[in-house]
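# Analysis of the macromolecular model
What follows is each chain in one-letter form.
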Amino acid sequence: MLFNSIEFLIIFLPVILFVYHTVPVRARLLVLCIGSLYFYGRADWVPLLFLVLSVIWAYGLGILSVRFHRGLVVGLAVTFPLLVLFLFRYLDFALTNIGAGDSTRDVFYFFLSVSLPAGISFYSFQVAAYSIDVYDGVDPPERNFIKLLAFVSFFPQLIAGPIMRYDQMSGQLDHVNAHRSLDVDWAKAFKFVSFGLFGKVVVADVCAGMVTRFDLATGTSSLDAFLSVLSYSFQIYFDFWAYSVIAIGLGEMFGLRLVKNFNEPYRALNMRDFWRRWHLTLSSWLRDYFYIRIGGNRRYYRNILLVFAAVGLWHGAGWNFIIWGLYHGFWVLVYATGKAYWDRLPGWLAIALTFLIVTLGWPLFYLDIGPYSDVIITIFSFSDLSLHFYDFRHILLLGIFSAWVFMARESNWLYNHRLAGILDSPVLHAGMVFVAMMFVNWSKTFIYFRF
Amino acid sequence: MITSPPRKTYSIRFLLTLGLLMLLPLVAAMRMYDFRQDAALDMEQLKPGEAFVSMGATQRQRGQVKIGHLERAQTLPLVGAFGPHQIFNMAAEDIGLDAESFFNGTATTNPNLPEIRDYLYHLKTLGKLPSELVIVHLFTPANKWGRQYIEYNGANPLDVSWGAAGLNESWTDWLSFSANMADTAMQKLKEIFNYQNVLIGLLADGGGFQVMNIDACVAGFEQAASRPPAALWVLTKIVPTSILVRLGVLNTKDYCSFRTLHGMLDYSIFRDGRQFYAPFYLEPPKPFQDADTKNRLQFGDDKKMARYLDQIYRIVTDGSDRKIVFYIPPVYRAEEPYRRKIVDQIMDAALERMPRLPVIDHRSLNLSAEMFVDRMHMTSAYFEILAKELRQKGLLSSVRNEQG
């Protein structure tokens, strides 16, 4: 089910909120589980089955790993979700790269025939992190299965994060399971959902339409190619930002606070800074469970490249994604090497350069390496600066989105301490939800749902 | 610490405003004109070249015209084609029949396989099935990734699908049917919350349809060089044309006079049920891309598909001499091998389960650009090939009015 759907907004959300806030306190987690499993299994039962199996596996081995405290147990615990992730997500890619024939593919027919479960990369990482934290003693093993299931399957963050840690949620889940009174800030919740829906349906999806206008095959100019890439840069940002903001708002409605996943990433001063602002929970996951464990700063260059190759692979099973990850890794290393020079750049120039580097990498998300190279070559050929696919209206829209991204500080209007006037108006927020509802039929699936 | 807007009255003001705004689409839905009940839309009165211009009506309203026509038909067509919109421009003359003998019943809106079953069952219970041959169009597997064979698409009016509830044989059938009915109801809800439908419901009054001689009109705009003002062109993309006509921004004669507005005539419905579709004729089709052919079917779906196919076969043929044929058209793909796609394999498995079904499989005709108006919709050239094969199988030979 999608947040940007009538089914979710008019049926699912009001029903689950009503039930959640009216049932006996002890039944709340069960309601969350049932609602979340319905939310996830609505499209297909196979992914749901593997989600539940992953939680059962983590639950059982979490208890065993404390009793026996063997590396083998935690290894097994982590292996299952990652194996599920591999089978559904990377098997096809792996078989293609080893040149597997039809007979080999027939053996794996089941996994190849099931469409990629939405959000599998997100929940697999949550489950794996829980198992490692239990083994490391960060968290005690959870004995309440429903609570663990509620943590992993919590629908606001199940499909596209933020990737929560168990120690961030465990206390909150205990609270909602024990106290009648929940300190829900409905105003904040509605506000976040409103801006998120508007950002997705009106901004990200308009950008998506601008991206698809562009067609390299039918002849284009440098400026066309650049505007297409720029449109995607705003599309993916607003798409993922919107999801995360909606998730925070929805979490608030259930009395559960989800962590921030973005911190104005396009205002980053360099590529290292970018990864401290973009998809924060993935960055910290990889830092804690991968980068530090393979040696951290001791072999900085090698480990950075390994981590970013993993970042690329996490986003998709394809060489284009791996190259995208390495592209980011390369620029992080460039910054690390030339930090003394880069840091002397004026702030606006550092932001612009970082944004340009990030933007020129995004087409690898939707283009294979060949077409990607063609687009980049077209942009930098500067051969033709006329517009074939875009006109003044598109440039105006991109200008407005740029102003939003680069000039409007979220601390002033979203995470604001003081009232932001019209931007805090319930009438405006209701209007934004209504406008989003009127256009959801044209809305696209969140990009990060396939990760 | 985040400080939210004033909490005391915020929620009340938010919910009150949202509630008031949501009344608009509800009122619009209640005012929406039902063309299924409108006997004035009598296709039998249409002369050659004439059609009901339906731009500015919703997709559902266009479907209402077709289903309403069949429900009221005094003279049944000899041959009818049913299925999703992929063949909406299949004309009587393409298969060598006259307009009275053939009805393209495609697209109540865009029915999936179980909905085609329900639709045909509905027509059978009314005694309105074509009298000699029913052609069932199976959406190409690669198109929509196969989901069209097992799920509903909210295409039929609720009463049509609900009327077929008796076809469910087991509790699993009922479970699936109930879920599909819930989906259909959800589709209806989606149609309510849609700004274009809200505008049509609030501002149009059923006047979206009119009879026009499309052939003459097309001849006009082929020669017309004038372009509409840019603002009008943008407006026609955003606001339903029926509203623009009603507001006096657009005149119906503009449909023919502005070359770039010829899209206004799209989906106009002719006597034989086909729908006019112009713009893509002007450009060569683009091939189907590999990325478009994901799989949305799973283990065991071939059984479900086979059961729907069998039910359709029995609905059409039981108790009469009426014949049926299923066919699978191609989509335009420039490269092979498309048959390795899993959706195709599952389709093959379903057909193998039902060897008695007469099936024409044209998936392998995927390379001929002249058969496609775009990557998935066919030209007359394709339907002529189909007709030839129907004749070879003796399926059209019994049709009395056959001219070919």
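Residues numbered from 1 in each chain as written. Chains lettered and ligands numbered in written order. Predicted model: local features only at pLDDT ≥ 70, side-chain atom pairs only at ≥ 80, totals over all residues. Heavy atoms only, no water.

Before going further, it helps to spend a moment on the overall build of chain B. Across its full length, chain B carries 13 helices and seven strands. Of all 404 residues assigned to chain B, the portion counted as buried reaches 56%. Residue pairs at least 24 apart in sequence account for 80% of intrachain contacts in chain B once pairs closer than 6 positions are excluded. Carbon and sulfur atoms make up 56% of the accessible area of chain B, which totals about 16,900 Å². (Helix = DSSP H or I, 4+ residues; strand = E, 2+ residues; numbered from the N terminus. Buried < 20%, exposed > 50% of the residue type's maximum accessible area, 1.4 Å probe, protein only. Contact = heavy atoms within 4.5 Å. Areas by Shrake-Rupley, 256 points an atom, 1.4 Å probe, with all protein chains shown as cover.)

The interface is formed by 46 residues belonging to chain A together with 39 residues belonging to chain B. When the two sides are added together, the surface that chain A and chain B hide from each other amounts to roughly 3,800 Å², 66% of it contributed by carbon and sulfur. Looking only at chain A, the three residues that lose the most surface to chain B are Tyr109(A), Pro426(A) and Phe434(A), adding up to 16% of its buried area. Where chain A touches chain B, the interface holds one salt bridge. Two residues, Arg42(A) and Asp183(B), come together in a salt bridge whose shortest N-O distance is 2.3 Å. Taken together, the links from chain A to chain B amount to three residue pairs in polar contact (both at pLDDT 80 or more). Among the secondary structure elements, those contributing two or more residues to the side of chain A that touches chain B are helix 1 (6-22), helix 3 (45-68), helix 5 (102-107), helix 6 (109-113), helix 11 (186-213) and helix 22 (426-439) of chain A. By residue number, the principal contributor to the side of chain A that touches chain B is helix 22 of chain A, which donates ten residues. Partitioned by chemical class, the residues of the side of chain A that touches chain B number 25 nonpolar, nine polar and twelve charged. (Buried area = accessible area lost by both parts, 1.4 Å probe. Salt bridge = Lys/Arg side-chain N within 4 Å of Asp/Glu carboxyl O. Polar contact = N/O pair within 3.5 Å; in protein donor to acceptor, adjacent residues only side chain to side chain. Nonpolar A, V, L, I, M, F, W, Y, C, P; charged D, E, K, R; others polar.)

All right, on to helix 10 (residues 166-176) of chain A then. Along helix 10 of chain A, the residues classified as buried are Tyr166(A), Met169(A), Ser170(A), Gln172(A), Leu173(A) and Val176(A). Where the residues of helix 10 of chain A are buried, they touch helix 1, helix 2 (28-41), helix 7 (120-136) and helix 8 (145-153) of chain A.

Before going further, it helps to examine helix 6 (residues 195-203) of chain B. Among the residues of helix 6 of chain B, those classed as buried are Tyr195(B), Asn197(B), Val198(B), Ile200(B) and Gly201(B). If you check the start of helix 6 of chain B, you find a side-chain oxygen 2.9 Å away from the backbone N of Gln196(B), and it comes from Asn194(B).

On to the packing of helix 7 of chain A against helix 8 of chain A, then. All names here are of chain A. Running from N to C, helix 7 and helix 8 point in directions that differ by 140°, and their axes come no closer than 9 Å. Taken as axis vectors, helix 7 and helix 8 run oblique relative to one another. Where helix 7 approaches helix 8, its residues Tyr123, Gln126, Val127 and Tyr130 are matched on the opposing element by Leu148, Phe151 and Val152. Tallied by class, residues from the contact of helix 7 with helix 8 come to six nonpolar, one polar and no charged. (Axes fitted to C-alpha atoms, helices over the stretch in contact; angles between N-to-C directions. Parallel < 35°, antiparallel > 145°, perpendicular 65-115°, else oblique.)

Enumeration over the complete set of coordinates arrives at 29 salt bridges over all chains. With its nearest N and O atoms 3.1 Å apart, the salt bridge here joins Glu264(A) to Arg409(A). Placement of Glu264(A) in the loop between helix 12 (222-253) and helix 13 (271-274) and of Arg409(A) in the loop between helix 20 (392-407) and helix 21 (410-413) is noted, with a sequence separation of 145 residues between them. With its nearest N and O atoms 3.0 Å apart, the salt bridge here joins Arg353(B) to Asp302(B). Residue Arg353(B) is located in helix 12 (residues 342-353), and its partner Asp302(B) is located in helix 11 (residues 301-317); the two are separated by 51 residues in the primary sequence.

Regular strands show a simple pattern: their side chains alternate between the two faces of the sheet. Residues and elements named next belong to chain B. Burial along strand 2 (residues 79-82) is two-sided: Val79 and Ala81 and Gly80 and Phe82, pointing in opposite directions, are all buried. In terms of strand pairing, strand 2 meets strand 3 (residues 102-104) through three bridges, oriented parallel. Bridge assignment links glycine 80 to a residue of strand 3, and that residue is phenylalanine 103. Alignment of strand 2 against strand 4 (residues 133-137), held across four bridges, turns out to be parallel. Counterpart to phenylalanine 82 in the pairing with strand 4 is valine 136. (Pairing = 2+ DSSP bridges.)

On to the domain arrangement of chain A. Residue and element names in this part refer to chain A. Domain annotation for chain A reports domain 1 (6-176) and domain 2 (186-269 + 343-450). Each of domain 1 and domain 2 was reduced to a C-alpha centroid, and the two centroids are 29 Å apart. Each partner contributes residues to the interface: domain 1 has 30 residues there, and domain 2 has 20 residues. By the criterion of area lost to domain 2, the three top residues of domain 1 are Leu9, Pro156 and Pro162, representing 23% of everything that side buries. Applying the counting criterion to the domain 1 and domain 2 interface returns zero salt bridges. Taken together, domain 1 and domain 2 are joined by five residue pairs in polar contact (both at pLDDT 80 or more). Of all elements in the fold, only helix 1, helix 9 (155-158) and helix 10 reach the threshold of two or more residues within the side of domain 1 that touches domain 2. Considering every element that reaches the side of domain 1 that touches domain 2, the biggest residue donor is helix 1, with nine residues. A breakdown of the residues in the side of domain 1 that touches domain 2 according to their chemical character gives 23 nonpolar, six polar and one charged. (Domains from an automatic or database assignment.)

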